[in-house]
Amino acid sequence: MASSDQIRIPCVMMRGGTSRGPVFLARDLPSDPLHRDALLLSLMGAGHELEIDGIGGGNPLTSKVAIVGPASVPGADVDYLFAQVRVRDRIVDTSPNCGNMLAAVGPFAIESGLVSPSDGLTRIRIHNVNTGKLIEARIMTPGGQVVYEGGASIDGVPGTAAPIQLAFLDAAGAKTGRLLPTGAPVDLINGVEVSCVDAATPVMLVRASDLGKSGIETAGSYHTDPIFMAKLEAMRIEAGRRMGFPDAASLVIPKPVLIAPAAAGGTLVTRYFMPHECHRALAVTGAIAAATACVTPGTVAASMVGPINLPTDITLEHPSGRIVVRLESGGGQSGPFASVQRTARRIFEGTVFARRSHLPHDMRLTG
């Protein structure tokens, strides 16, 4: 039994790709965004760097939330709203999509009864509420049951699991409506060339060497260089302004991405920031943006890798290994069709508790 000073919410904890977080049915959370966000902040334990009073993992990769419900648009099977809980700031940011947590949405939707599985392979069209875009997930369902064990591996996650294919049907212009939101493949910000690209998520691509870095540093090393981090953040905020986000300082988009020549046989080396900490691997959405930039003439990425014809596989090296993005023509109006392979796992299910004292006064009375 729950005490009167706590609110209980059904919850499933899942790993999606290289991220982890709770997954909720939309009907189990408040419809009012202010009430919903207050609840998420309480149950995740935001405000403390270790999220010691909640179920967050003390890192942006483990402070993610997926909210899944019936589809609200034609052509989709389910809705998926992603929320990034900012660990230190007590902020819930729903401006970006998360392609890693997206990998958990299909299995969750099937096991929650939102989608009827097929025997063998189930295709689910997911409407990402954050961006308005559709993504097709292909889930292994032998005998009409989700399986998590399999032979697929992704760098950044130990072991192997069942493959989940994610096809971004029209990634270009996910938040801004344009592949090149500033209208140019290259902009000059604080004397440095950058490419502002919006494909699955808005990013600011910059050559690592132009900021005095090699691009092959460990993920944790960047945070120990406050001068570099301050410069990168100032550039990100200005890039955001030019991309149409005047409040970029309070958002996690656009994401800065350092690029460098491949070091281990891939297409490019990448270091992706979230935005104030370097990702220990590479976000799926960031990978799609960087890969799309590689085949977009004039960008800093395209100038580094040279001409590439479609279809092609773009291999992006990151701190934990590599991720492969398949690009084919015939996708969105201004960008290619992109697909990636991920895996997921259901970790636990049950009830999570939010502290009533952390919620708005009117919600304390009714929650």
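In case you missed it, the structure is sitting above this.
Everything numeric here is computed off the predicted structure, so don't read it as measured data. (Residues numbered from 1 in each chain as written. Predicted model: local features only at pLDDT ≥ 70, side-chain atom pairs only at ≥ 80, totals over all residues. Heavy atoms only, no water.)

**Thoughts on the layout of surface pockets**
Step number 1: Its volume calculated, the largest pocket comes out at about 350 Å³.
Step number 2: Considering the residues around the largest pocket, the lining is formed by 16 residues, among which Pro-60, Val-87, Arg-88, His-276 and Glu-277 are closest to the centre.
Step number 3: Looking at the lining of the largest pocket, its residues break down into six nonpolar, five polar and five charged.
Step number 4: Here the second largest pocket defines a volume of roughly 190 Å³.
Step number 5: Together, Ala-26, Leu-29, Pro-30, Ser-31, Arg-36, Ile-67, Gly-69, Pro-70, Asp-79, Tyr-80, Leu-81 and Val-129 line the second largest pocket.
Step number 6: Secondary-structure elements contributing two or more residues to the lining of the second largest pocket are strand S3 (64-70) and strand S4 (78-86).
Step number 7: Among the residues forming the lining of the second largest pocket, the class breakdown is eight nonpolar, two polar and two charged. (1 Å grid on protein atoms, 1.4 Å probe; cavity = no way out; pocket = protein on both sides within 12 Å on 5 of 7 lines; lining within 4 Å. Points joined across faces, edges and corners; volume = space filled by probe spheres on them. Nonpolar A, V, L, I, M, F, W, Y, C, P; charged D, E, K, R; others polar. Helix = DSSP H or I, 4+ residues; strand = E, 2+ residues; numbered from the N terminus.)

**Quick look at the pattern of salt bridges**
Step number 1: Overall, the coordinates contain 16 salt bridges when judged by the stated rule.
Step number 2: Measuring nitrogen to oxygen at the nearest pair gives 2.9 Å for the salt bridge that ties Arg-207 to Glu-193. Placement of Arg-207 in strand S11 (residues 201-207) and of Glu-193 in strand S10 (residues 192-199) is noted, with a sequence separation of 14 residues between them.
Step number 3: A single network of salt bridges, built from pairs that share partners, joins Asp-187, Glu-238, Arg-241 and Arg-242. (Salt bridge = Lys/Arg side-chain N within 4 Å of Asp/Glu carboxyl O.)

**Remarks on the packing of aromatic side chains**
Step number 1: By the definition in use, this model includes three aromatic pairs.
Step number 2: A ring pair is formed by Tyr-222 and Phe-273, whose centres lie 5.3 Å apart and whose planes are at 75 degrees; its orientation type is edge-to-face. One end of the pair, Tyr-222, is in the loop between S11 and helix H3 (226-243); the other, Phe-273, is in the loop between strand S13 (268-272) and helix H4 (284-294), and 51 residues separate them in sequence.
Step number 3: On the accessibility criterion, Tyr-222 (1% relative accessible area) is buried.
Step number 4: By relative accessible area, which is 0% here, Phe-273 ends up buried. (Phe/Tyr/Trp six-rings, centres within 6.5 Å; stacked < 30°, edge-to-face > 60°. Buried < 20%, exposed > 50% of the residue type's maximum accessible area, 1.4 Å probe, protein only.)

**Description of the pairing of S13**
Step number 1: Most of S13 is tucked away, with five of its five residues classed as buried.
Step number 2: Alternating positions in S13 separate into two faces, Leu-268, Thr-270 and Tyr-272 on one and Val-269 and Arg-271 on the other, with burial throughout.
Step number 3: Of the strand pairs in this sheet, strand S12 (residues 255-261) and S13 are connected by five bridges, and their pairing is antiparallel. Within the sheet, the bridge partner assigned to Val-257 lies in S13 and is Tyr-272. (Pairing = 2+ DSSP bridges.)

**Brief notes about empty space enclosed by the protein**
Step number 1: This structure, assessed with the given rule, holds three cavities of 30 Å³ or more.
Step number 2: Each pocket or cavity is described by its volume, and for the largest cavity that value is around 100 Å³.
Step number 3: In terms of lining residues, the largest cavity is bounded by 13 residues, among which Lys-64, Gln-84, Lys-255, Tyr-272 and Ala-283 are the most central.
Step number 4: For the lining of the largest cavity, a count of residues per class yields six nonpolar, five polar and two charged.

So, to be careful, I would describe these as geometric facts and stop short of saying anything about function.
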